[in-house]
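Geometric and topological summary
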Amino acid sequence: MPSKSTFLPKISKEEINKARASDDDNELYDLLTQPLHAELYKNQSFDFMDGLSEGQQLLLAYDYARMQVLQGGFIQFIENGYIGLLPGMIEQLYMIGANDMAKVMDDVLKVYVLNRELLSKPSTVQEFAKLYDELKEFEEIDARFEKYNAHATLLMLDYAVNHLDDFITT
């Protein structure tokens, strides 16, 4: 993933090493993603992602997927307007070897395209709830996401650790 970032948060090697030594992989994951979320929030636009390295883009986009899908499935992810994050994420997941998760995301995109009219229209809370009954194919995709999430996260963290200059400045 050869692209340089215009935003490299300052994180010391000691912080990285401490997070890596932790038994909790989320410690390193959070250390790398939180500054990206903070800067995105400050910019108030997903255009900010265009200036990030591909690895940073993947971490940030995947974190949105992870937060949404683990809470309300891909229907919630789509309903909250994050479907545009998928095409780049799929390519980046393949690049780091997270092929199973890339296939999950690709399947989400396929189901979305087949049901675009239904998934694109504004909905009330009741209409949104009905989507879960109408689009049962997402149940299996959501389950696959949960199954592959930990492995995909580890592959992203391995990539980040091996390409720290694309993620941070010390």
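For the structure, check the block above.
Residues numbered from 1 in each chain as written. Predicted model: local features only at pLDDT ≥ 70, side-chain atom pairs only at ≥ 80, totals over all residues. Heavy atoms only, no water.

Quick notes on the overall build of the chain
- Scanning the chain from terminus to terminus reveals 8 helices and 0 strands.
- Listed by position from the N terminus, the elements making up the chain come as α-α-α-α-α-α-α-α.
- At 17 Å, the chain has a C-alpha radius of gyration in line with the 15 Å of a compact globule built from 170 residues.
- Classification of the 170 residues of the chain by burial places 49% in the buried group.
- Restricting to contacts in the chain with at least 6 residues of sequence separation, those with at least 24 account for 71%.
- Looking at the chain, you have 15 positive and 29 negative side-chain charges, and the mean spots of the two groups are 1 Å apart. (Helix = DSSP H or I, 4+ residues; strand = E, 2+ residues; numbered from the N terminus. Rg over C-alpha atoms; globule rule 2.2 N^0.38 Å. Buried < 20%, exposed > 50% of the residue type's maximum accessible area, 1.4 Å probe, protein only. Contact = heavy atoms within 4.5 Å. Lys, Arg positive; Asp, Glu negative; His and termini not counted. Charge placed at Lys NZ, Arg CZ, Asp CG, Glu CD.)

Quick notes on the pattern of salt bridges
- Taken as a whole, this structure holds 8 salt bridges when the rule is applied.
- Here Glu140 and Arg144 are joined by a salt bridge, their closest N and O atoms 3.3 Å apart. Note that Glu140 and Arg144 are positioned in helix α8 (residues 137-162) at a spacing of 4 residues, about one turn of the helix.
- Take Arg144: its relative accessible area is 18%, and that puts it in the buried class.
- Connected through shared salt-bridge partners, Asp107, Glu140 and Arg144 make up one network. (Salt bridge = Lys/Arg side-chain N within 4 Å of Asp/Glu carboxyl O.)

Observations concerning unusual backbone geometry
- Despite not being glycine, Gln44 shows a phi value in the positive range, around 55 degrees.
- With respect to the helices, strands and loops of the structure, Gln44 is situated in the loop between α2 (25-43) and α3 (54-79).
- Taking the relative accessible area as the measure of exposure, Gln44 reaches 60% and is therefore exposed.

With respect to the packing of aromatic side chains
- Applying the stated criterion across every chain, the model contains 10 aromatic pairs.
- Each ring, one from Phe7 and one from Phe48, has its centre 5.7 Å from the other, and the planes form 70 degrees; the classification is edge-to-face. In this pair, Phe7 is assigned in the segment before α1 (13-21) and Phe48 in the loop between α2 and α3, connecting sequence segments 41 residues apart. For the residue pair Phe7 and Phe48, the accessibility class agrees, reading buried in each case.
- For the pair Tyr64 and Tyr82, a centre-to-centre distance of 4.9 Å together with 45 degrees between the ring planes defines the contact as tilted. Linking Tyr64 in helix α3 with Tyr82 in the loop between α3 and α4 (86-95), this pair joins segments that are 18 residues apart in sequence.
- One aromatic cluster is present, built from ring pairs that chain together Phe46, Tyr62, Tyr64, Phe74, Phe77, Tyr82 and Phe145.
- Cation over ring: Arg66 sits above Tyr29, and NZ or CZ is 3.9 Å from the ring centre. (Phe/Tyr/Trp six-rings, centres within 6.5 Å; stacked < 30°, edge-to-face > 60°. Lys NZ or Arg CZ within 6 Å of the ring centre and 35° of its normal.)

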